[in-house]
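Geometric and topological summary
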Amino acid sequence: MTHVFFYHDATDRVVAAARLIGKACMQQKALLVFAPDDGVADALDRQLWLHPVGGFIPHVRAESPLAAQTPVVIARTLDAPDRCERLVNLGDDIPPDAERFGAIIEVVGDTPEMRQAGRERVRRYREYNFPVKFFDLSGHGE
């Protein structure tokens, strides 16, 4: 069964996603990051070079020949089969074939538009009977 974790009210969605990705990497958990928007994918790529400060989170784009050996893979599409059970969704809709992942991590910004899109995704996940947990990021510097 797919479990969904909503981290909401992030001041900066990309920074918050990078922090969550960093925590997962410290636990040696491989992640697929669904970032269909090129601007978001580029910003996350840059942020993963900077976070943690003085550190580096190993990551590549899905097209890289090193994708199979890298713990964090950033993908524009989810067409290809993947080796990751966990997905970080930075898209505006629920990911295609969401049920194939054991866990989906959603990061929702603090703007009214992002909140509304997040509410819609919650509604759709619940239609699939996925359990949804919420975590408030407001006031945490994300």
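Whatever comes next refers back to the structure up there.
Rules used in this analysis
Residues numbered from 1 in each chain as written. Predicted model: local features only at pLDDT ≥ 70, side-chain atom pairs only at ≥ 80, totals over all residues. Heavy atoms only, no water. Helix = DSSP H or I, 4+ residues; strand = E, 2+ residues; numbered from the N terminus. Buried < 20%, exposed > 50% of the residue type's maximum accessible area, 1.4 Å probe, protein only. Contact = heavy atoms within 4.5 Å. Areas by Shrake-Rupley, 256 points an atom, 1.4 Å probe, with all protein chains shown as cover. Axes fitted to C-alpha atoms, helices over the stretch in contact; angles between N-to-C directions. Parallel < 35°, antiparallel > 145°, perpendicular 65-115°, else oblique. Left-handed = near helix turned anticlockwise from the far one by under 90°. Nonpolar A, V, L, I, M, F, W, Y, C, P; charged D, E, K, R; others polar. Expected span 1.5 Å × (residues − 1). Polar contact = N/O pair within 3.5 Å; in protein donor to acceptor, adjacent residues only side chain to side chain.

Notes on the overall build of the protein chain
For the protein chain, the helix and strand inventory stands at 3 helices and 7 strands. Helices and strands in the protein chain line up, N terminus first, as β-α-β-α-β-β-β-β-α-β. Its C-alpha atoms give the protein chain principal-axis dimensions of roughly 35 × 35 × 25 Å. Counting across all 142 residues of the protein chain, residues that qualify as buried make up 44%. Counting contacts in the protein chain only where the partners sit at least 6 residues apart, residues at least 24 apart contribute 66% of the total. Surface exposure of the protein chain reaches about 7700 Å², of which carbon and sulfur atoms provide 54%.

A closer look at the packing of helix H1 (residues 13–26) against helix H2 (residues 38–50)
At a closest axis distance of 9 Å, the pairing of H1 and H2 adopts a crossing angle of 50°. When the axes of H1 and H2 are compared, the pair comes out oblique. The two elements H1 and H2 cross, and the hand of that crossing is right-handed. Along its contact with H1, which presents Val-14, Val-15, Ala-17, Ala-18 and Ile-21, the element H2 presents Val-40, Ala-43, Leu-44, Gln-47 and Leu-48. For the contact of H1 with H2, a count of residues per class yields 9 nonpolar, 1 polar and no charged.

So, H2
Taking 1.5 Å of rise per residue, the 13 residues of H2 would be expected to cover 18 Å, and the 19 Å separating its terminal C-alpha atoms lies within 8% of that figure. Where H2 is buried, its residues contact H1, strand E2 (31–34), strand E3 (59–61) and strand E4 (72–75). Two to three positions downstream of the cap, the backbone nitrogen of Gly-39 sits 2.9 Å from a side-chain oxygen, assigning the N-cap of H2 to Asp-37.

Overview of the side chain of Glu-106
The topology assignment puts Glu-106 in strand E6 (residues 103–109). In this structure Glu-106 comes out as buried when scored by relative accessible area, which is 0%. In this structure the side chain of Glu-106 is engaged in a polar contact, spanning 2.8 Å, whose partner is the side chain of Asn-89. Look past the residues within four positions of Glu-106 in its chain and what remains in contact with it is Val-4, Phe-5, Phe-6, Tyr-7, Asn-89, Arg-121 and Tyr-125.

Details of unusual backbone geometry
Positive phi outside glycine occurs at Asp-9, with the angle close to 65°. As for its placement among the helices and strands, Asp-9 is situated in strand E1 (residues 3–10). Of note, the phi angle at Asp-97 is positive, near 55°, even though the residue is not glycine. Among the structural elements, Asp-97 can be located in the loop between strand E5 (86–89) and E6. The class of Asp-97 is partly exposed, set by a relative accessible area of 46%.

A word on the side chain of Thr-2
Following the sequence through the fold, Thr-2 ends up in the segment before E1. There is a polar contact of 2.6 Å between the side chain of Thr-2 and the backbone oxygen of Phe-101. The contact partners of Thr-2, leaving out residues within four places of it in the chain, are Ala-98, Glu-99, Phe-101, Gly-102, Ile-104, Phe-130 and Pro-131.

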